Amino acid sequence: MRPMIPVEPRAVLTGAGGGLGRAFAVQLATRGAKLVLSDVDLAGAEETARLVKAAGADAHVVSCDVAKASDVEKLHAESKRLLGGVDLMINNAGVAVGGPVGEIPLSDWDWIMGINLWGVIYGCHYFLPEMKARGVGHVLNVASIAAFACAGEMGPYNVTKAAVVALSDTLASELAGTNVGVTVLCPFFFKTNIAKSSRSCSPNVSANQIEKIMGRTKVQASEVAQIALTACNRGDLYCFPHREAKAIAFLKRSMPETMAKRLNPRLARSVPR
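Residues numbered from 1 in each chain as written. Predicted model: local features only at pLDDT ≥ 70, side-chain atom pairs only at ≥ 80, totals over all residues. Heavy atoms only, no water.

Engineer: Where do I start with the pairing of strand β2 (residues 34-39) in this structure?
Structural biologist: Extensive coverage of β2 is indicated by the burial of 5 of its 6 residues. Relative to β2, strand β1 (residues 10-13) runs parallel, the two being bridged by 4 bridges. When the sheet's bridge partners are listed, Arg-10 is paired in β2 with Lys-34. Once the chain exits β1 it traverses helix α1 (residues 19-29) before rejoining the sheet at β2, and the crossover so formed is right-handed. Two strands pair when backbone bridges link them, and β2 and strand β3 (residues 58-63) are joined in this way by 6 bridges, in the parallel orientation. Residue pairing across strands places Leu-37 opposite Val-61, the latter belonging to β3. Crossover handedness for the path β2 to helix α2 (residues 42-54) to β3: right-handed. (Buried < 20%, exposed > 50% of the residue type's maximum accessible area, 1.4 Å probe, protein only. Helix = DSSP H or I, 4+ residues; strand = E, 2+ residues; numbered from the N terminus. Pairing = 2+ DSSP bridges. Right-handed = clockwise from strand over helix to strand, strands pointing away.)

So, in structure tokens, the structure goes:
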């Protein structure tokens, strides 16, 4: 089977202003990629572009709010103009919301749904048809092991990430035989910028607590990006870059009742308060 991502790919990346997005960009730069980097944080995206160019690769920065269909449509048009076509689309932009269901403001649900779910839907909607027409391309959707763990007081985040997994599963069926692939990345906690932009209405879920967990993980952003791109190249549907994520996914599939009733409450109590 030939690699799903061509040598020196033309790639588009959302949420490129820092964290995992920046790690993806730097990893792709080592492969000689031509990149379009998008974010609402233009200063962050420009810094990522500087790092990419320092590595000897090409990068263009495009402002894009993935919660707006018109912005993603413009991102596709601009990427086609700049690159001539897109071989890899990475739907990476994401945010977090914490708190109990029923107490989280509906405006926060709208906010996270727009970025974490609609952003991925828009990315697939606008970029996949051209890939299918050319018979080449790959989409990487960034989800989370939260899609399987479903920890308490993280409802909006869990729901959006589970939906991204479901969308990716659906695409795998639809894309069979087209030579266009999809991979869904489901990492455990690692250091990103997501905690800084998070919203919470609970004392049990805060940016400081999330960052403490992120710092404990051995596999950090650079290695997560490398593992995910390797999974794309192999044509894998699922990518679990952390052993913790693999264990949670296995337990969810093999013992869903046990995990929901016994393990999830224990995991919740282990989170630093």
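Engineer: Just checking my understanding: could you explain the sheet that holds β3 for this structure?
Structural biologist: In any sheet, the strands associate via hydrogen bonds between backbone groups, in a parallel or an antiparallel arrangement. In spatial order, the strands read β3-β2-β1-β4-β6-β7-β9; together these 7 strands make up an open sheet with parallel pairing. Strand pairing shows two members of the sheet lacking a second neighbour, β3 and β9 (238-239), which therefore form its edges. Pairing of strand β6 (residues 137-142) with strand β7 (residues 180-185), which is carried by 6 bridges, proceeds in the parallel orientation. Directly across from Asn-141, in β7, lies its bridge partner Val-184. In this fold α2 packs onto β2 and β3, with an angle of close to 175° to the strand it touches most, β3. Its contacts with the sheet put helix α6 (residues 155-174) on β6, β7 and β9, and the angle it makes with β7 is roughly 155°. (Contact = heavy atoms within 4.5 Å. Axes fitted to C-alpha atoms, helices over the stretch in contact; angles between N-to-C directions.)

Engineer: What am I meant to see in the nonpolar core here?
Structural biologist: In a soluble, globular protein the nonpolar side chains are often hidden away together inside. Counting 47 residues, the largest nonpolar core has Val-12, Leu-128 and Phe-148 as the members making the most contacts within it. Mapped onto this core, the elements with two or more residues apiece are α3 (69-83), α4 (106-134), α5 (146-149), α6, β7 and α9 (243-254). Broken down by element, the residue count for this core peaks at 10 residues, all from α4. With residues up to four places along the chain from it excluded, the contact list for Leu-128 reads Gly-123, Val-139, Leu-171, Leu-175 and Val-180. In terms of nonpolar packing, the next biggest core, distinct from the first, is built from 32 residues, Leu-28, Ala-49, Ala-59 and Ala-225 among them. (Core = buried A, V, L, I, M, F, W, Y, C linked by side-chain atoms within 4.5 Å.)

Engineer: I'm lost on the side chain of Lys-161 in this one. Help?
Structural biologist: In this structure, Lys-161 sits in helix α6. Within the buried core, Lys-161 has no salt-bridge partner, and the shortest N-O distance to an opposite charge, that of Asp-39, equals 13 Å. With residues up to four places along the chain from it excluded, the contact list for Lys-161 reads Asn-116, Val-142, Ala-143, Ser-144 and Ala-147. (Lys, Arg positive; Asp, Glu negative; His and termini not counted. Salt bridge = Lys/Arg side-chain N within 4 Å of Asp/Glu carboxyl O.)

Engineer: Would you mind going over the packing of α3 against α4 with me for this structure?
Structural biologist: To characterise two packed helices, one gives the angle between the axes of the helices and the distance between these axes. Interaxial distance between α3 and α4 falls to 9 Å at its minimum, and their mutual angle equals 30°. Of the possible angle classes, the one that applies to α3 and α4 is roughly parallel. Seen from above, α3 lies across α4 with right-handed handedness. In this structure, α3 uses Ala-69, Val-72, Glu-73, Leu-75, His-76, Ser-79 and Lys-80 to contact α4, whose residues at the interface are Tyr-122, Gly-123, Tyr-126, Phe-127 and Glu-130. Considering only residue class, the contact of α3 with α4 consists of 6 nonpolar, 3 polar and 3 charged. (Parallel < 35°, antiparallel > 145°, perpendicular 65-115°, else oblique. Left-handed = near helix turned anticlockwise from the far one by under 90°. Nonpolar A, V, L, I, M, F, W, Y, C, P; charged D, E, K, R; others polar.)

Engineer: Got a minute to help me understand the packing of α1 against α2 in this structure?
Structural biologist: Interaxial distance between α1 and α2 falls to 9 Å at its minimum, and their mutual angle equals 20°. Viewed along their axes, α1 and α2 adopt a mutual orientation that is roughly parallel. In the packing of α1 onto α2, the handedness of the crossing is right-handed. Residues Arg-22, Ala-25, Val-26 and Ala-29 of α1 pack against Gly-44, Glu-47, Thr-48, Leu-51 and Val-52 of α2. Tallied by class, residues from the contact of α1 with α2 come to 5 nonpolar, 2 polar and 2 charged.

Engineer: I'm lost on α6 in this one. Help?
Structural biologist: End to end, α6 covers 28 Å across 20 residues, agreeing with the expected 28 Å (1.5 Å per residue, within 8%). Residues Gly-155, Pro-156, Tyr-157, Asn-158, Thr-160, Lys-161, Val-164, Val-165, Ser-168 and Leu-171 constitute the buried set of α6. Looking at the buried residues of α6, the elements they touch are β5 (97-98), α4, β6, α5, β7 and β9. (Expected span 1.5 Å × (residues − 1).)

Engineer: Sorry, what's going on with unusual backbone geometry here?
Structural biologist: Glycine aside, residues mostly have negative phi angles, and peptide bonds mostly take the trans form. Backbone geometry at Glu-153 places phi at a positive 60°, although glycine is not the residue there. With respect to the helices and strands, the residue Glu-153 is situated in the loop between α5 and α6.

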